[in-house]
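Report on the structure
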Amino acid sequence: MAKCVALRIYSDMENKITMEKLLGMMDEKYYLTYINYDDNFNSYIDLLNECLEKGNCDLLNENYHEWFYDCEWQSATDIINELKEGLKEEYSEEEIEKFFDEHEDEIRDTIFSRDCSTPYKDLFSNTSDIFLRVELSSRYDGLASHEQEIEEGYSWQGSYLRDITRVLNLNPFKVKRHLQRANIKINGLFPDKRERNGNEYVSYPDLINEFVNNECNESYLTFACKVSALELYNSNFDISNIILKKGCRCGLFFEAYGQGSLIIMELLKDLEIDLTQTQKPCFELTLDTGSYGLAYNYCDEIFESHATIINKNINRQTT
């Protein structure tokens, strides 16, 4: 009799619901967050620009709970309900509910630990290309409009034009010659830096064309390009260098005024820019939030060149 009771007790213990048994019923991977094909960050450019200014994804991480927690919780609840259904053939509803009440936190933690969904990656994959502006910042004020510049004449010494010629590897003497050929007034010294001859990043006529068509009272050398939103996210918004490709559009522009030149000058070869430099002259990178669109009717054409961004901190290059 005692032996029979012992066998019954052992049999009851063997048939109890255990975490080991439940773990065996679970999938190795779960996807708790579903991103629809038309969900994206196209309406959050200002937020992405803040991430770029901070050089990290902290702002996105701060919003993660608000954006995805309800979805993750509901998906985990659905999985728990499926697990309960799978136990009904062996156990009573009372046994099942009691076990899940006692182990709910552990069960949910296990489900969350197996979550392989990538909501941010999916959202950025659905997001349109990001338009970027790379602007040359200087100790000097930007170029005035062509009408204002010709009053005293374009000058190289102690002016923003000096930084332009350095960045674009232009010979100041040749700039002077092309200005004179266009009957444009000049002022002061334009040194002959012959070592730059043949290695220029833009053509002299194109540069003069940008000058002549500049209507902004204060404008800065600006490069227009684009990168995929996913590349930007993969870089953690921490871009140390950017490689502007041959054909990249550039010209004169100032966002505060929404004005500039034609922005049709094109790079003759790739130009790599170090964005870690902070001592002027240096470059500033920003997302275009519509400034060009307001000033120009051919915005997409201006930003048609894809740039390569580099994050040296993670030793990864995206193109």
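Refer to the preceding data block for the structure.
The present account deals with the structure reproduced in this document. (Residues numbered from 1 in each chain as written. Predicted model: local features only at pLDDT ≥ 70, side-chain atom pairs only at ≥ 80, totals over all residues. Heavy atoms only, no water.)

1. Some details on the pairing of strand β1 (residues 130–137)
Regular strands have side chains that alternate between both faces of the sheet. Taken across its eight residues, β1 has eight buried, putting it largely inside the fold. Both β1 and strand β4 (residues 220–227) contribute to a ladder of six bridges, which runs antiparallel. Pairing of leucine 132 across the sheet is with cysteine 225, part of β4. (Buried < 20%, exposed > 50% of the residue type's maximum accessible area, 1.4 Å probe, protein only. Helix = DSSP H or I, 4+ residues; strand = E, 2+ residues; numbered from the N terminus. Pairing = 2+ DSSP bridges.)

2. Some thoughts on the packing of helix α4 (residues 58–87) against helix α6 (residues 119–126)
At a minimum axis separation of 12 Å, α4 and α6 run at an interaxial angle of 100°. Accordingly, the angle class assigned to the pair α4 and α6 is roughly perpendicular. Packed against α4, whose contacting residues are Leu60, Asn61, Asn63, Tyr64, Trp67 and Phe68, the element α6 presents Pro119, Tyr120, Leu123 and Phe124 at the interface. Partitioned by chemical class, the residues of the contact of α4 with α6 number eight nonpolar, two polar and no charged. (Axes fitted to C-alpha atoms, helices over the stretch in contact; angles between N-to-C directions. Parallel < 35°, antiparallel > 145°, perpendicular 65-115°, else oblique. Contact = heavy atoms within 4.5 Å. Nonpolar A, V, L, I, M, F, W, Y, C, P; charged D, E, K, R; others polar.)

3. Digging into a negative patch on the surface
A cluster of acidic side chains, namely Asp27, Glu28, Asp78 and Glu82, defines a negative patch on the protein surface. As for its placement among the helices and strands, glutamate 82 is situated in helix α4. Residue glutamate 82 is classed as exposed on the basis of its relative accessible area of 57%. (Patch = residues over 30% accessible without salt bridge, like charges linked within 9 Å, V, L, I, M, F, W, Y side chains within 5 Å. Areas by Shrake-Rupley, 256 points an atom, 1.4 Å probe, with all protein chains shown as cover. Salt bridge = Lys/Arg side-chain N within 4 Å of Asp/Glu carboxyl O. Lys, Arg positive; Asp, Glu negative; His and termini not counted. Charge placed at Lys NZ, Arg CZ, Asp CG, Glu CD.)

4. Quick word on the nonpolar core
Core analysis: the largest hydrophobic core is formed by 62 residues, its most contacted members being Leu168, Phe223, Ile242 and Leu244. Considering each element in turn, this core owes the most residues, five residues, to β4. When neighbours within four sequence positions are excluded, isoleucine 242 is seen to be in contact with Leu132, Val134, Cys225, Leu271, Glu272, Ile273, Leu275, Leu285, Ala307, Thr308 and Ile309. (Core = buried A, V, L, I, M, F, W, Y, C linked by side-chain atoms within 4.5 Å.)

5. Some remarks on helix α9 (residues 172–181)
Pro172, Val175, His178 and Leu179 are the residues of α9 that are buried. Buried residues of α9 fall within an arc of 120° about the axis and therefore sit on the same side. Residues of α9 that are buried make contact with β2 (154–155), α8 (160–167), β3 (186–187) and α10 (204–212). At the N-terminal boundary of α9, the capping side chain belongs to asparagine 171, with an oxygen 3.0 Å from the backbone nitrogen of phenylalanine 173. (Arc of directions from axis to C-beta. Polar contact = N/O pair within 3.5 Å; in protein donor to acceptor, adjacent residues only side chain to side chain.)

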